[in-house]
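Topology and contacts: notes
Residue strings, one per chain:
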Amino acid sequence: MDLRGLFPILRHGAFYRLVRPLVCLYVRKDRNPPFRLWVDFLCRLLGRAYGKEGRTIWVNAFFPVEIVYAMGACPFIPEIHASLVAYFNLSRRPIELGGVSLSTDICSFFRCAMGLLEDGILPKPDIVLSSSHLCDGAAKFFSEIAKLVGVRHAFLGVPIVRVRGVKERFARQLRDLTFEVAESLGLTFQEKMLSAVLEKARIAWRLIREINVLRRTRPAPFPGSEGLSYVAGMNFYAMGSDEGVRFFAALREYVHKRVQRKRGYLKHERWRVLWLHHIRPYYPNPIFSFLGRHGVSVPFEEANYLYWPEPDPTSPFLSIAEKLLSNPWYSPLADRIEIVKKMAADYGVHGAIHFSHWGCRQTSSGAMLVGEALREMGIRFLVLPGDGCDPDNFSAGQTLTRLCAFVESLGAE
Amino acid sequence: MADLRKLEEVEYVGWCCTYLPLELIEAFGLVPYRLLPEEESPEGASLLDPNLCPYVRSLVGYIERRRDLKGIVLLNSCDGMRRLFDLISLFLRVPCFLLDVPRGQGPAEIIYFRECLEQLVLWLEGISGRRLEEEALLTAIAEANETRALLKVHMETGARPSFIFRLMRDSFAMGREAFNERLRRLPFEERREKGKISILLTGSLLEKGCLVELIEDLGVHVEALDLCTGPRFAERVEVGDDPLLSLSRAYLTKPACARMVCDLRESYLERSVASVQGVIYYAPKFCDPYLYSLLSLRRLCKKEGVPLLVLEGDYSGRLTGGMRTRVEAFVERWI
């Protein structure tokens, strides 16, 4: 399906304001309140961004959106929108278009985002902010597209090493960057505004902590496939917003009810498997239905691991600095291995699937090493090569063959 | 000059990235040895993702086979190097240090890098069993400044870029003193008349000089070698009260590699591209910082009306027939 004919409509903020109640009504039938809130959030966000209601700031997935909300601006994460486009099975054309400018060896999410940009479908930013985690792309892609769009790129280099005084210095850098960006955009910013945002982030954090504990229940009450889509999406996008608080409160309620009724999301759960990496293939694919048919649940996913300490609104910049410095995927792999082992134990998994997304070198190159650590715990491990955004780089046959063998190995225990 | 690899009493510390201040290693009486394996190793292919820089994959087996390394200093220059550090730390029995190098060049980054260098000093003290003496560090800095000055003189007096490239490669396996002595004794090449056509050779790791030699043999002058294995070194370290801070400042503000997010590289490329007739880009496959940077390089070349040739290598050191043909075809437009 070619959306180019719809571009003029899709680029209009009013379109999203119009469809929001209709889409929310439509998804009500699924009786999944958190999902409805996600859809509602997206429509509001896109309505704001395309409708030019205030400043729009492009950020990468791990950039602290709390800062954007505190400035009263609207965050926009190109990678998430690439995954949305893939979700609707519409990523082929933008990936092809993006592949003219960017090498096909590069992550397809970035190529898709580039293609969407070149098609003029993305809302124009007022500034681009990016941080150095998790990968070279986070630094370089955003630097390059800022030049393409003709706006400023402000970069936040996150230290990878905890040297003396690093947290305090980094917090000062964050503070200076925030004030400077706000001033350049003509926005009013005061530290107390960030404190207010962090108060909401703290509420959301506590809810996530509860949700993550609830998800340890057997049978698994909530599917990892959904954790990897809209839950991770809200995690990236909505920290510090009212919508984020509402979403995680609804999710907590939803999961809690299922736990109380002892309802797993699978009729019959035989095995439990941890999903490693932040993404999954977002276009239609048979992976999770295959696992489900064979009684293999995905009770949890690495993407939603709560790696940062509880936000502290009394010291907002220090708190955000601590969050960024705590990122285990931007640390020596030993840190990631520790949290993976912890998740494996907490969620009582029998196996783990590492989705190695094409072009994602920082994660995929650690896969074998993570696998070695899990094997020592007696946990079966599968590296599943694939592509999160490009359906043309996905082989259902090969993938299912690997999954079949993996499921058999679980049964062989 | 004796190849130090053959001397048993020499203690080597392996390194990969030119943002590492080698003076720190030398101040401990250790010899920096740039890790440039001859070929890809099968060990790397099995332990790391196959879609990873071939240079990084080559290093795995190479490091495993080297028994003469006291330690290795890797830098957080790219995702591949970070993962190589992880693999060495977790699986190979070689002491390894990961030095974080910021992507910016501002005051906060310089201070942070200085703190990281302090951590490196502690690690070097641990593996060498010696303390850092300020005198030794100042001497190392002075000797390194001499190297840079001598190389610069050779470059400015018209030495062929392929010659400079070979000199740089030789320096990676030689002690500083021996290399400086060699530079002092080296006769200056006669200033050659530049060909009518000049090109910029830009990229990351060019493992051997055959590409540079080919370009020169075709009668084209390589105006600048903007490569990780080329003369992309700090101008000079001006020592102040804090030698570590001086090193941090000098190395962070040296000619920037594409992994940096700064205006310095942008302005260097603008100046360079404006002064040449063509640009050849070379990087090993999957070199992400350079792959992304191609976007603005292409735009710049288009703006200046300068043709661009993009070459990707496999870290085999060979100039394939296909690559040779493409370079010849690229140059033919001016013949």
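Residues numbered from 1 in each chain as written. Chains lettered and ligands numbered in written order. Predicted model: local features only at pLDDT ≥ 70, side-chain atom pairs only at ≥ 80, totals over all residues. Heavy atoms only, no water.

Notes on the domain arrangement of chain B
Residue and element names in this part refer to chain B. By the assigned domains, chain B splits into domain 1 (10–133) and domain 2 (194–230 + 262–335). For domain 1 versus domain 2, the distance between C-alpha centres works out to 27 Å. Contact with domain 1, which involves 15 residues of that partner, is made by 14 residues of domain 2. Of the roughly 1,200 Å² buried between domain 1 and domain 2, counting both surfaces, carbon and sulfur atoms make up 58%. The interface formed by domain 1 and domain 2 includes one salt bridge. (Domains from an automatic or database assignment. Contact = heavy atoms within 4.5 Å. Buried area = accessible area lost by both parts, 1.4 Å probe. Salt bridge = Lys/Arg side-chain N within 4 Å of Asp/Glu carboxyl O.)

Side note on the packing of helix α7 (residues 108–118) of chain A against helix α8 (residues 136–149) of chain A
Residues and elements named next belong to chain A. Contact pair α7 / α8: the axes reach a minimum separation of 12 Å and the direction vectors enclose 10 degrees. Classed by the angle they form, the pair α7 and α8 counts as roughly parallel. On α8, the residues that touch F110, A113, M114 and L117 of α7 are G137, A138, F141, F142, I145, L148 and V149. Each residue belonging to the contact of α7 with α8 can be placed in one class, and the counts come to ten nonpolar, one polar and no charged. (Axes fitted to C-alpha atoms, helices over the stretch in contact; angles between N-to-C directions. Helix = DSSP H or I, 4+ residues; strand = E, 2+ residues; numbered from the N terminus. Parallel < 35°, antiparallel > 145°, perpendicular 65-115°, else oblique. Nonpolar A, V, L, I, M, F, W, Y, C, P; charged D, E, K, R; others polar.)

Here we look at the state of the cysteines
Residues and elements named next belong to chain B. Counting across every chain of the model gives zero disulfides over all chains. Sulfur of C17: no disulfide; nearest cysteine sulfur belongs to C257 and is 6.6 Å away. For C17, a relative accessible area of 13% corresponds to the buried category. Left without a disulfide partner, C262 is nearest to the cysteine sulfur of C257, which lies 9.3 Å away. (Disulfide = S-S within 2.5 Å. Buried < 20%, exposed > 50% of the residue type's maximum accessible area, 1.4 Å probe, protein only.)

Remarks on the nonpolar core
Judged by nonpolar contacts, the single largest core of 261 residues is most densely connected at W38(A) and F248(A). When residues of this core are sorted by domain, at least three fall in each of domain 1 (10–133) and domain 2 (194–230 + 262–335) of chain B. Counting residues in hydrophobic clusters, the runner-up holds 22 residues, among them F165(B), L211(B), V212(B) and F330(B). (Core = buried A, V, L, I, M, F, W, Y, C linked by side-chain atoms within 4.5 Å.)

Re the interface of chain A and chain B
Each partner contributes to the interface: chain A provides 46 residues, whereas chain B provides 46 residues. A buried area of about 3,900 Å², summed over both sides, lies between chain A and chain B, and 58% of it is on carbon and sulfur atoms. The three residues of chain A that bury the most area against chain B are D136(A), K140(A) and R361(A), which together make up 19% of that side's buried surface. Put simply, chain A and chain B have six salt bridges between them. The partner of E118(B) in a salt bridge is R164(A), with the nearest N and O atoms 3.5 Å apart. Of all elements in the fold, only α7, α8, β4 (153–156), α9 (166–184), α15 (333–346), α16 (361–364) and α17 (367–376) of chain A reach the threshold of two or more residues within the side of chain A that touches chain B. A breakdown of the residues in the side of chain A that touches chain B according to their chemical character gives 24 nonpolar, 13 polar and nine charged.

Regarding a positive patch on the surface
A contiguous patch of positive charge on the surface is contributed by R31(A), K257(A), R261(A) and R263(A). The class of R31(A) is exposed, set by a relative accessible area of 72%. (Patch = residues over 30% accessible without salt bridge, like charges linked within 9 Å, V, L, I, M, F, W, Y side chains within 5 Å. Areas by Shrake-Rupley, 256 points an atom, 1.4 Å probe, with all protein chains shown as cover. Lys, Arg positive; Asp, Glu negative; His and termini not counted. Charge placed at Lys NZ, Arg CZ, Asp CG, Glu CD.)

Looking at the packing of aromatic side chains
A full pass over the atoms with the stated rule returns 34 aromatic pairs over all chains. Where F109(A) meets Y282(A), the ring centres are 6.1 Å apart and the plane angle is 75 degrees; that geometry is what we call edge-to-face. With a gap of 173 residues between them, F109(A) in helix α7 and Y282(A) in the loop between β5 (271–276) and α13 (287–293) connect regions that are remote in the sequence. Y282(A) gets classed as buried once you look at its relative accessible area, which sits at 8%. Pairing Y281(B) with Y290(B) gives two aromatic rings, centres 6.5 Å apart and planes at 50 degrees, and the pair type is tilted. Using a relative accessible area of 2% as the deciding quantity, one classes Y281(B) as buried. Take Y290(B): its relative accessible area is 3%, and that puts it in the buried class. Within the aromatic cluster, the residues linked to one another by ring pairs are F35(A), F222(A), Y230(A), F247(A), F248(A) and Y254(A). The ring of Y347(A) is capped by R216(A), whose NZ or CZ atom sits 5.9 Å from the centre of that ring. (Phe/Tyr/Trp six-rings, centres within 6.5 Å; stacked < 30°, edge-to-face > 60°. Lys NZ or Arg CZ within 6 Å of the ring centre and 35° of its normal.)

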